[in-house]
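Letter by letter, the chains look like this.
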Amino acid sequence: MTLTKPLQLTQTNYHSNEANREYFSVSQFKDFMECQAKALAKINGEYEESYGNALLVGTYTHAAFESAEAFRQVFEENSDAIFMKRGNGKYKDFEVADAMIETIKNDKFAMFAMEGEKEIILTADLFGVSWKAKIDSINHQRNTFTDLKTTRSLSQRFWSDKYQKYVSFVEAWDYVLQMAVYREIIHQNMGFYYSPYIVAVTKEDPPDKAVLHFDDSRFQFELDFVEHMMEQFVVLKAGETAPSRCERCPYCRGTKQLKDTMEIGELLA
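Residues numbered from 1 in each chain as written. Predicted model: local features only at pLDDT ≥ 70, side-chain atom pairs only at ≥ 80, totals over all residues. Heavy atoms only, no water.

> What is the right way to look at the packing of aromatic side chains in this model?
Each aromatic ring pair is characterised by the separation of its centres together with the angle its planes make. With the rule as written, the count across this model stands at 18 aromatic pairs. Between Phe 29 and Phe 225, the ring centres sit 6.3 Å apart and the planes meet at 75°, which makes this aromatic pair edge-to-face. Of this pair, Phe 29 sits in helix H2 (residues 26–34) while Phe 225 is found in helix H11 (residues 219–237), placing the two residues 196 residues apart along the sequence. For Phe 29, a relative accessible area of 1% translates into the label buried. (Phe/Tyr/Trp six-rings, centres within 6.5 Å; stacked < 30°, edge-to-face > 60°. Helix = DSSP H or I, 4+ residues; strand = E, 2+ residues; numbered from the N terminus. Buried < 20%, exposed > 50% of the residue type's maximum accessible area, 1.4 Å probe, protein only.)

Rendered as structure tokens:
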């Protein structure tokens, strides 16, 4: 019997369909939570989610803290999307990104929190399957890792069905879950539990900022939640059962086929 070697992940193939088929990731887990049909369509290369400018703005912002070479490459490869025509400067989204970048770079404590090796790819076996993660910054001397996050406001409240209460953007976008999974992946690779931090910067004018830490008691709930959901997601990904459709996301709207009428009361269900 010939054993298939696992795909060796690189910066080039990390986001590829092949990598996404072989490995789970936090983003893939969140896709399954949002809409099973969309998640499978993305894995199978049948659907590519549109993020507008958001994905490029995020890449642009992160590259500014990765290295001068990484930032230059993003800048040169996407100049048409960054700059307005006729020499009128950058589009608004990138002006906001520049302000966020400068806000962090001008803060010694924020830059201290982000010290370490950048964009480190790690894999591990969690909950019976292979996972991948790309760490923004990892500091082996301090046993810490840090993720840069942008948000509308540090104090904005969101209702969460998961937590059954109003929460911050950190819980609303499952960043606690992300840090819990990354912490376990790092532990498998390094033999130690590293402490996670988030460097958060807002899109306000001027931007606000904070370095956020986590009480360790938060992580077990997130890991239990992931483990509870994984059994059905593994079966779905293997094609052994049909995915459910949310009928609200862009994928479902674009592939919807009507079969019956709706009573108007169902519109708000």
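> What's the story with the pairing of strand E6 (residues 195–202) in this structure? I'm lost.
Strand residues, when the strand is regular, have side chains that alternate between the two faces of the sheet. Across the 8 residues of E6, 6 count as buried, placing the element largely inside the fold. Across 8 bridges, the pairing between strand E3 (residues 144–151) and E6 is parallel. Looking at the pairing, Asp 147 lines up with Ile 198 of E6. Sheet analysis places E6 next to strand E7 (residues 209–213), joined by 5 bridges and oriented antiparallel. Residue pairing in the sheet places Ile 198 in a bridge with Leu 212 of E7. The turn linking E6 back onto E7 is made up of 6 residues. (Pairing = 2+ DSSP bridges.)

> Just to check I follow, could you spell out the pattern of salt bridges for this structure?
Should the charged atoms of two oppositely charged side chains come close, the side chains can pair. Tallied over the entire structure, the rule returns 15 salt bridges. Lys 42 is paired through a salt bridge with Glu 49; the nearest N and O atoms lie 2.8 Å apart. The buried category is assigned to Lys 42, whose relative accessible area is 19%. One salt-bridge network, in which partners are shared between bridges, spans Asp 31, Glu 34, Lys 38, Lys 42 and Glu 49. (Salt bridge = Lys/Arg side-chain N within 4 Å of Asp/Glu carboxyl O.)

> What should I look at first to understand unusual backbone geometry in this one?
Leaving glycine aside, a negative phi is the common case for residues, and trans is the common case for peptide bonds. With omega at -5°, the peptide bond leading from Asp 205 into Pro 206 counts as cis. On the secondary structure map, Pro 206 appears in the loop between E6 and E7. Of note, the phi angle at Asp 174 is positive, near 60°, even though the residue is not glycine. With respect to the secondary-structure elements, Asp 174 resides in the loop between helix H9 (169–172) and helix H10 (175–190). Despite not being glycine, Glu 247 shows a phi value in the positive range, around 60°. By secondary structure assignment, the location of Glu 247 is in the loop between H11 and helix H12 (250–255).

> How should I be thinking about helix H3 (residues 36–43) in this particular structure?
Because the α-helix completes a turn every 3.6 residues, residues three or four places apart line up on one side. In terms of residue burial, H3 counts as a mostly covered element, since 8 of its 8 residues are buried. When we look at burial in H3, the residues that qualify are Gln 36, Ala 37, Lys 38, Ala 39, Leu 40, Ala 41, Lys 42 and Ile 43. For H3, the secondary structure elements touched by its buried residues are helix H1 (17–22), H2, H11 and H12. Of the residues one or two after H3, Gly 45 is the one with positive phi, at around 75°. (Contact = heavy atoms within 4.5 Å.)

> What is the right way to read a nonpolar patch on the surface from this model?
Residues Met 262, Ile 264, Leu 267 and Leu 268 make up a contiguous nonpolar surface patch of about 530 Å² in total accessible area. Its location among the elements puts Met 262 in the segment after H12. (Patch = residues over 30% accessible without salt bridge, like charges linked within 9 Å, V, L, I, M, F, W, Y side chains within 5 Å. Areas by Shrake-Rupley, 256 points an atom, 1.4 Å probe, with all protein chains shown as cover.)

> So what exactly am I meant to see when it comes to the pairing of E3 here?
Counting buried positions over the 8 residues of E3 gives 7, a clear majority of the element. Hairpin geometry of strand E2 (residues 129–139) and E3 is characterised by an intervening segment of 4 residues between the two adjacent antiparallel strands and by a positive phi of about 55° at Asn 143.

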